[in-house]
Amino acid sequence: MTKPLKIVVLAKQVPDTRNVGKNAMKEDGTVNRAALPAIFNPEDLNALEQALRLKDRIPGTTVQLLTMGPGRAAGIIREGLFRGADGGVLLTDRKFAGADTLATSYALMQAIGKLNPDLIIAGRQAIDGDTAQVGPQVAEKLHWPQVTYAEDILSCNGERIAVKRRLERGVETVSAPLPALITVHGSAAACRSRHAKHLLKYKHAKTLSELQDAGNNAYDTNQPEYLRITEWGVADVGGDEQQFGLAGSPTKVKKIENIVFQAKESKRLTASDTDVNGLIKELMANHTIG
Amino acid sequence: MNFYTDNNDLRFQLQHPLMRKIVELKENNFADNGKYDYAPTDTDDALDSYDRVLEVIGEICAEIIAPNAESVDHEGPQVIDGRVKYAAGTQQNHDALTQAGVYGLSLPREYGGLNFSMVPYVMAAELVSRADAGFANIWGLQDCAETIHEFASKEIKDRFLPRINKGDTCSMDLTEPDAGSDLQAVMLKASWDEPAGVWRLNGVKRFITNGDAQIKLVLARSEEGTTDGRGLSYFVYDKNDGGVTVRRIENKLGIKGSPTCELVFSNAPALLVGDRKLGLIKYVMSLMNGARLGVGAQSVGLSEAAFREALKYAHERVQFGKAIINFPAVYELLGVIKAKLQASRALLYETARFVDVYKAYNLLAEERKLTPEERAEQKEYQKLADIFTPLLKLFASEYANQNAYDALQIHGGSGFMKDYPVERLYRDARILTIYEGTSQLQVVAAIRGVLTGAYLNKIRAYEKEPVKAEHEHLRKILVAMTDQYAQTVQLIQAKADQQYTDFHARRAVEMAGHIIMGYLLLLDAQESDDFIHSSAIFITRGQAWNTERHAFIETFEPDHMSAYSAIVEN
């Protein structure tokens, strides 16, 4: 029997940038988060599905979510619990705020040190920053092997993991020793939906801060433990305070420009084969198709 | 996309005042709290659970089932070596719902269910039907579990019920080549196999929806030498035991994804459900009532889909320089579709609430003795459920057809093409007035409510509910319609002629239905503006529909029937 795995899924709450309206951006060129619904980053859901499949396959395997964000990002942990995860940790602290990818990966790495997983699975990238840097940076900081662009986890025997990668011009199968970090591509299987019983079990799960916001100072001791979502601050994860948040972020934004796409130009084509062939070639050359 | 959250009418129904009582009866002092980690702690928690689970189902319907509907319609199921293989999309739909843990919604928690009441269960059926009315059959056949739960032994319940939540599907095997509406003619033979200690089934069933299900409820003749309904018993069959093969599946007009099977039973082992000889007269009748509620939900879901397709097309299609929705001929059609849709939905959930109350009392009666007041209420709600169920089945299915017809008409020539979903809706709707008892048979069941005055009593009760001053004119119309209806019933009864009553039965039942749905819409309009237009449309048109029926009956003498019955002799 395969040894049970301890899996951590890195997930992020992001503004839904897929259906943006007029007020998606603020005057200063930053994202107007209030105007966009906060969602589970899509590729992180693909990552969660891969983790849950391993849990289905290997008895005893546990899946924990790890997310960093403001208090409301606890919603991400709940979404994970509803889909079958065992628990999760929200990293939330003013000192984490303003982090670029470097400071984010530092904070995640510190937290992972406490969670001690065999395997980390993350989405390839988040739809707000689109950097695809955080997963690889965490792996580098841990000195773990990383497999990026994963489409499917083919097998895992507790020692090694075999992964199919989706590349620009095909697929590649690689294997890595554990512990390892995998980032999952959007072409991987969609995440399962919420399970009715998990949903009803965990719907009242809250972080202590959420409870306090609702006017309660402490957990009701009559309520089961699983309704408590762990929150960690800088003090909980330890490490060098200078490497967290804004202080630990070398990225400086020089200027932001609003780009408005406009369809000004038009071209008139006849129905002739020459014109149609020309258009196909043009669209292929600029990668609109093909 | 989410078919639950994009439709305010659904949450509105969950907020009905009677829901709190239903939840409290169903949860029996919240006895499961602490025993199951997903059981609610109080009434609000339970209602919130209904809402959340419906949201999960609404998402699966919008994101998976609806997008699969077209390919399922094209591909359909196949028979391979005597077994049914679903279309790929059908299998995907079923797997998604199974994975979400929503099968067995209304079963008790000890059997893997969520112990939800009928209202959210029926709502789930409406959602699934809006996505794909054909798939709604596979989903809806979990009704069989209700019958097992109500009538079978503990041993059978323990063996079969937990499998529903895990994704085993059901079928109800009633119809045979010579036994359709007349189920007393069922011939499939059940004989007791003493050495094996099981019943053996032999014979043929036809038109069996989802006939290759893992769990089957089979109506069979257990009493040799009998020829009527009293010789029939009800059996449960487990596909794992073998003995049943699928001979063919029908090629149908609509609901093509739903496999309709011809089955051969050869020495198939089966277990008796409940008592011998009560198969048809008790258990099938009960199952049939559940199934009719299910077709009501299926019809409302299909009407919703048709309405949305028509509305969208009417906004998009430009003719004579403007979107066609701006033409009175088109917006009138849309207004009527919506009014019929909302009227049939109001009737659906009113009926579901009646069923909920009496079924909750039935379950409670197993736990403790009911008080005399509770028993009286149980009886009252059972009676209401019994007269409302055929009315619902009749109207919702007829309206689904009318709505699909009008929705296609709004599409013009494009609606006749395979390019738009409306042609599928039109084909899928057609079965609704036929199966689980034709419209004609619903009238046979409903006419009792007319002749005993049961509908009139309920109408008079609705009449007492207060309405806002600005709706008083609509209430006045309903009061006048009620007087006209009572007068029409008197005219029929005065003839004291069974043939005459049968001849006009549908008209009389329809008059009652129009008034009842008119009241339901008007009362809903007191709570939410979403029903104001539909109540105005439905009540004023209902007045015209009823006047036509009244005028026809008023001048119709018994000897006028000969013009029609002459066809029998020719």
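## Describing the overall build of chain A
And step 1. The number of helices and strands found in chain A is eight helices and 12 strands.
And step 2. Along the first, second and third principal axes, the C-alpha atoms of chain A reach 75 × 50 × 40 Å.
And step 3. Burial statistics for chain A: of 290 residues in total, 37% are counted as buried.
And step 4. For chain A, the proportion of contacts with a sequence separation of at least 24, taken over those separated by at least 6, is 69%.

## Some remarks on the overall build of chain B
And step 1. Broken down by element type, chain B carries 19 helices and 11 strands.
And step 2. Against the globule reference of 25 Å for 570 residues, chain B gives a C-alpha radius of gyration of 24 Å, in line with a compact fold.
And step 3. Sequence separation of at least 24 residues holds for 77% of the intrachain contacts in chain B that already meet a minimum separation of 6.

## Some words on the confidence of the model for chain B
And step 1. With 100% of its residues at a pLDDT of 70 or more, chain B has an overall mean of 96.
And step 2. On the interface metric, ipTM, the complex scores 0.91, and its pTM is 0.92.

## What about the environment of Ala352 of chain B?
Residues and elements named next belong to chain B.
And step 1. Counting through the fold element by element, Ala352 comes out in helix α10 (residues 328-367).
And step 2. For the pair Ala352 and Ala508, spaced 156 residues apart in sequence, the C-alpha to C-alpha distance is 23 Å.
And step 3. Here Ala352 is in contact with Met118, Val119, Val122 and Leu293, once residues within four sequence places are set aside.

## Here we look at the interface of chain B and chain A
And step 1. If you look at the interface, chain B gives 14 residues, while chain A gives 10 residues.
And step 2. Every element with two or more residues in the side of chain B that touches chain A is listed here: α3 (43-75) and α4 (88-99) of chain B.
And step 3. A per-element tally of the side of chain B that touches chain A places α3 of chain B first, with six residues.
And step 4. When grouped by side-chain class, the residues that make up the side of chain B that touches chain A number eight nonpolar, three polar and three charged.

## Overview of the nonpolar core
And step 1. Judged by nonpolar contacts, the single largest core of 236 residues is most densely connected at Val9 and Ala107 of chain A together with Leu201, Phe235 and Leu347 of chain B.
And step 2. The element contributing the most residues to this core is helix α9 (residues 279-316) of chain B, with 17 residues.
And step 3. Those residues within four positions of Leu347 of chain B in sequence are excluded, and the remaining contacts are Leu391, Leu392, Phe395, Ala396, Ile516, Met517 and Leu520 of chain B.

## Considerations on helix α7 (residues 143-151) of chain B
And step 1. Burial within α7 of chain B is extensive, with seven of its nine residues counted as buried.
And step 2. Within α7 of chain B the residues assigned to the buried category are Asp143, Cys144, Ala145, Glu146, Thr147, Ile148 and His149 of chain B.

## Looking at the domain arrangement of chain B
And step 1. Splitting chain B by domain gives domain 1 (8-165 + 281-433), domain 2 (170-276) and domain 3 (439-562).
And step 2. Measuring from the centre of the C-alpha atoms in domain 2 of chain B to the corresponding centre in domain 3 of chain B gives 40 Å.

## Here we look at the packing of α3 of chain B against helix α5 (residues 118-131) of chain B
All names here are of chain B.
And step 1. Relative orientation of the contacting elements α3 and α5 amounts to 20°, with a least axis distance of 8 Å. Taken together, α3 and α5 sit at an angle that is classed as roughly parallel. Handedness of the crossing formed by α3 with α5: right-handed. Between α3, through Tyr50, Leu54, Ile57, Gly58, Cys61, Ala62, Ile65, Ala66 and Ala69, and α5, the contact on the second element is made entirely by Pro120, Met123, Ala124, Leu127, Val128, Arg130 and Ala131.

## Thoughts on the packing of α7 of chain B against helix α8 (residues 154-165) of chain B
Residue and element names in this part refer to chain B.
And step 1. Closest axis-to-axis distance for the α7/α8 pair is 10 Å, and the angle between their directions is 155°. One way to sum up the angle between α7 and α8 is to call them roughly antiparallel. As α7 packs across α8, the resulting crossing turns out to be left-handed. Contact residues: Ala145, Ile148 and His149 in α7; Ile156, Lys157, Phe160, Leu161 and Ile164 in α8.
And step 2. Residue composition of the contact of α7 with α8, grouped by class: six nonpolar, one polar and one charged.

## Details of the sheet that holds strand β11 (residues 206-207) of chain A
Residues and elements named next belong to chain A.
And step 1. Ordered in space as β9-β8-β7-β10-β6-β1-β4-β5-β12-β11, the 10 strands form an open sheet in which the pairing is mixed. Looking along the sheet, the strands with just one partner apiece sit at the ends: β9 (170-177) and β11.
And step 2. Summarising the sheet, strand β7 (residues 146-156) and strand β8 (residues 160-167) pair through five bridges and their orientation is antiparallel. If you follow Cys156 over to β8, its bridge partner there is Ile161.
And step 3. Taken strand by strand, helix α3 (residues 101-115) contacts β1 (6-10), β4 (62-68), β5 (87-91), β6 (119-123) and β12 (228-232), and its axis lies near 150° from that of β4.

## Focus: the environment of Phe151 of chain B
Residue and element names in this part refer to chain B.
And step 1. When you line up the elements, Phe151 lands in helix α7.
And step 2. With 132 residues separating them in the primary sequence, Phe151 and Tyr283 have C-alpha atoms 7.4 Å apart.
And step 3. What Phe151 contacts, discounting residues up to four positions off in sequence, is Val273, Gly274 and Tyr283.

## Looking at α3 of chain B
All names here are of chain B.
And step 1. The first and last C-alpha atoms of α3 sit 45 Å apart over 33 residues, in line with the 48 Å expected at 1.5 Å per residue.
And step 2. The principal kink in α3, of about 45°, is found at Ala69.
And step 3. Immediately downstream of α3, the backbone of Gly76 shows phi near 65°, a positive value.

## Quick look at the pairing of β5 of chain A
All names here are of chain A.
And step 1. Most of β5 is tucked away, with four of its five residues classed as buried.
And step 2. Relative to β5, β4 runs parallel, the two sharing five bridges. Looking at the pairing, Met68 lines up with Leu91 of β5.
And step 3. What joins β4 to β5 is helix α2 (residues 74-83), and the crossover it makes is right-handed.
And step 4. In the sheet, β5 pairs with β12 via three bridges, with the strands oriented parallel. Bridging from a neighbouring strand, Leu90 pairs with Glu231 of β12.

## Description of unusual backbone geometry
And step 1. Across the junction of Leu178 of chain A and Pro179 of chain A, the peptide omega takes the value 0°, indicating a cis bond.
And step 2. Relative to the helices and strands, Pro179 of chain A resides in the loop between β9 and β10 (180-184).
And step 3. One non-glycine residue, Ile255 of chain B, lies in positive phi territory at about 35°.
And step 4. Tracing the chain through its elements places Ile255 of chain B in the loop between β8 (244-249) and β9 (260-273).
And step 5. Phi is positive for Ala496 of chain B, close to 45°, though the residue is something other than glycine.
And step 6. Take Ala496 of chain B: it is sitting in the loop between α16 (472-495) and α17 (498-527).

## Description of the pairing of strand β7 (residues 232-238) of chain B
Residues and elements named next belong to chain B.
And step 1. Among the seven residues that make up β7, six are buried, leaving the element largely enclosed by the rest of the structure.
And step 2. Pairing between strand β6 (residues 215-221) and β7: seven bridges, direction antiparallel. Bridged to Leu219 within β7 is Tyr234.
And step 3. Note that β7 and β9 share three bridges and pair antiparallel. Its bridge partner lying in β9, Phe235 is registered against Leu272.

## Topic: the environment of Gly80 of chain A
All names here are of chain A.
And step 1. Looking at the element boundaries, Gly80 is found in helix α2.
And step 2. Measuring from C-alpha to C-alpha, the distance between Gly80 and Lys141 comes to 25 Å, with 61 residues separating the pair along the chain.
And step 3. When neighbours within four sequence positions are excluded, Gly80 is seen to be in contact with Val9, Ala11, Leu48, Leu65, Ala85 and Gly88.

Calculation criteria
- Residues numbered from 1 in each chain as written.
- Chains lettered and ligands numbered in written order.
- Predicted model: local features only at pLDDT ≥ 70, side-chain atom pairs only at ≥ 80, totals over all residues.
- Helix = DSSP H or I, 4+ residues; strand = E, 2+ residues; numbered from the N terminus.
- Buried ≥ 20, exposed ≤ 12 C-beta atoms within 10 Å, placed from the backbone.
- Contact = placed C-beta atoms within 7 Å.
- Rg over C-alpha atoms; globule rule 2.2 N^0.38 Å.
- pLDDT = per-residue confidence, 0-100.
- Nonpolar A, V, L, I, M, F, W, Y, C, P; charged D, E, K, R; others polar.
- Core = buried A, V, L, I, M, F, W, Y, C linked by C-beta atoms within 7 Å.
- Domains from an automatic or database assignment.
- Axes fitted to C-alpha atoms, helices over the stretch in contact; angles between N-to-C directions.
- Parallel < 35°, antiparallel > 145°, perpendicular 65-115°, else oblique.
- Left-handed = near helix turned anticlockwise from the far one by under 90°.
- Pairing = 2+ DSSP bridges.
- Expected span 1.5 Å × (residues − 1).
- Bend = angle between axes of the 7 residues up to and from the residue.
- Right-handed = clockwise from strand over helix to strand, strands pointing away.

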